[in-house]
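Analysis of the macromolecular model
Residues per chain, in single letters:
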Amino acid sequence: MDTDSTDSLILKLHDVNAVKFGEYKLKGGLLTPIYIDLRVLVSYPRLMNQVSSLIYQQVLEEGLQFDCVCGVPYTALPLATIICSRHELPMLIRRKEAKDYGIKRLVEGSFREGDTCLIIEDTVTSGSSILETAEVLYKEGLKVTDAIVLMDREQGGVEMLASKGIKLHPIISMFKLLNVLQAAERIDSQMTQNVRKFILDNNTFSCKNGSDVPAPKKLCIEQNLELSYAARVKLPNIHPLASKLLKIMEDKQSNLCVSADVTSSEELLQLAESLGPKICLLKTHIDILKDYTEAFSQKLQVLAEKHNFLIFEDRKFADIGNTVKHQYEGGLYQISSWSHIVNAHAVPGPGVVKGLSAVGRPLGRGCLLIAQMSSKGSLATSEYTKAVLEMAEKHSDFVIGFICGSKITKRPEFIHMTPGVKMQAGGDMLDQQYTTPEEVICNKGSDVIIVGRGVLEASDRVEVAESYRKAGWDAYIKRLEHNNQ
């Protein structure tokens, strides 16, 4: 989905008062500081067509398979009508109540038992309206596997519908909407913070409420609910590269990243060959190699493909956008041509991400923002970390996670990676602080352990890497069992 198109749409929705800030009562009785009223779209035909086009574009991008379309009554009905008319798709209409005369049907239109119906909705909070429509369709012998929604309030609808076998595909998320409106100075940072807090504090779905259904009035977030790596792979808003990494981690049962801080190309390739089966990521510092050649980067890519790991160049970009753009795509190393992931400091501001994204996004690359550091006396304090998180949320189409000492956000789309990991906690003479795999993964909630000297200084690097792989994975399983019991 084109980011510029969705950003433009968000601003237009705000222009026509389809996005309102204040105090409003939702269907479940909850008072909310933001209200999405897409019923006004019927008075703006050009905007209606734009929304319909984006929905159909999402259908194509997701490769959804279906026999017919049904819009949730009533706001989504005109959207479904435009899409079906324009693209000559069979459409069904679900009545909210059966007529007391004629054939008294709740579903109007022609279909066959066993047909798959795609549901279209305007806004989702708990997902109950989509589920209600799906249940009516089920009774008619139809199948429902997917639903598309223009606006996901990110309050549990995705999870609830997933528990019922329906995958929700949002066009716009609530956090994305807030980021765009704040960047355009339509709302201030205080309003953004208030709405974010409301959303996070009022999740409508609990998989522990006994019946796995929305809890419309007792709205509470499951603080300890832990999604597995495999479950996060399938999240609707996750970056494709983050999804790929999580799948590698699940398939290889490894959350180990080895930091290959060596100065010889041959030694680095030997490390990639021998440790490749044990790791999910290989972290490089390409500028410390004394004999770098383009042939080396090509050989490294072959090994990454062979052993199914990603390459992470620990470049720590920290300059203005135009400069990092050239550093990333050009120069001696041409990092964007071979490294799946890079990282950057947020100190220069959003320009650093925009510059990197201009190069990396078309190539399917991803970026980690440095939110915290493992060195003693680091200046990456809590306020800095908070600013990093906000920057990541605004650029989630390129930022896939963080370098950090502990989990900094509950959003499962972001991946947390922690350096400075050793079997024994402590520090060195240069103020590097070390933490154990169990502390990092189980207690601090990180996803990936980054190990350097703990492996490189070992007499048997493969054996020690396996011990770190096992320690990291065991800590992850322990965390899952503890948080989901």
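Before reading on, note that the structure itself is shown above.
Throughout what follows, the structure given in this document is the object of discussion. A quick note: this is a predicted structure, and the numbers were derived from the prediction, not measured.

1. Brief notes about the sheet that holds strand 10 (residues 281-284)
Judged by pairing direction, the barrel is parallel, and its 8 strands sit side by side in the order 9-10-11-12-13-14-15-18 before closing back on the first. Ignoring which end each strand starts from, the neighbouring axes of this sheet average 25 degrees apart. Bridge count for strand 15 (residues 415-418) against strand 18 (residues 448-451) is 2 bridges, and the pairing is parallel. Of the residues in strand 18, the one forming a bridge with Met-417 is Val-448.

2. A closer look at the sheet that holds strand 6 (residues 117-124)
Spatial ordering of the open sheet is given by 5-4-3-6-7-8, a layout of 6 strands whose pairing is mixed. Strand pairing shows two members of the sheet lacking a second neighbour, strand 5 (107-108) and strand 8 (167-173), which therefore form its edges. Each of strand 3 (68-71), strand 4 (91-94), strand 5, strand 6, strand 7 (146-152) and strand 8 is contacted by helix 4 (residues 128-139), which is oriented at about 160 degrees to strand 6, the strand it contacts most. Packed onto the sheet, helix 6 (residues 174-183) meets strand 7 and strand 8 and runs at close to 10 degrees relative to strand 8.

3. Some details on the packing of helix 10 (residues 265-275) against helix 17 (residues 461-483)
Viewed as axis vectors pointing N to C, helix 10 and helix 17 meet at an angle of 55 degrees, and their least axial separation amounts to 10 Å. Considering their axes alone, helix 10 and helix 17 lie oblique with respect to each other. Between helix 10 and helix 17 the crossing geometry is right-handed. Residues Glu-267, Leu-271, Ser-274 and Leu-275 of helix 10 form the contact with helix 17, whose own contacting residues are Arg-461, Val-462 and Ala-465. Counted by class, the contact of helix 10 with helix 17 contains 4 nonpolar, 1 polar and 2 charged residues.

Cut-offs and rules
Residues numbered from 1 in each chain as written. Predicted model: local features only at pLDDT ≥ 70, side-chain atom pairs only at ≥ 80, totals over all residues. Heavy atoms only, no water. Pairing = 2+ DSSP bridges. Helix = DSSP H or I, 4+ residues; strand = E, 2+ residues; numbered from the N terminus. Axes fitted to C-alpha atoms, helices over the stretch in contact; angles between N-to-C directions. Contact = heavy atoms within 4.5 Å. Parallel < 35°, antiparallel > 145°, perpendicular 65-115°, else oblique. Left-handed = near helix turned anticlockwise from the far one by under 90°. Nonpolar A, V, L, I, M, F, W, Y, C, P; charged D, E, K, R; others polar.

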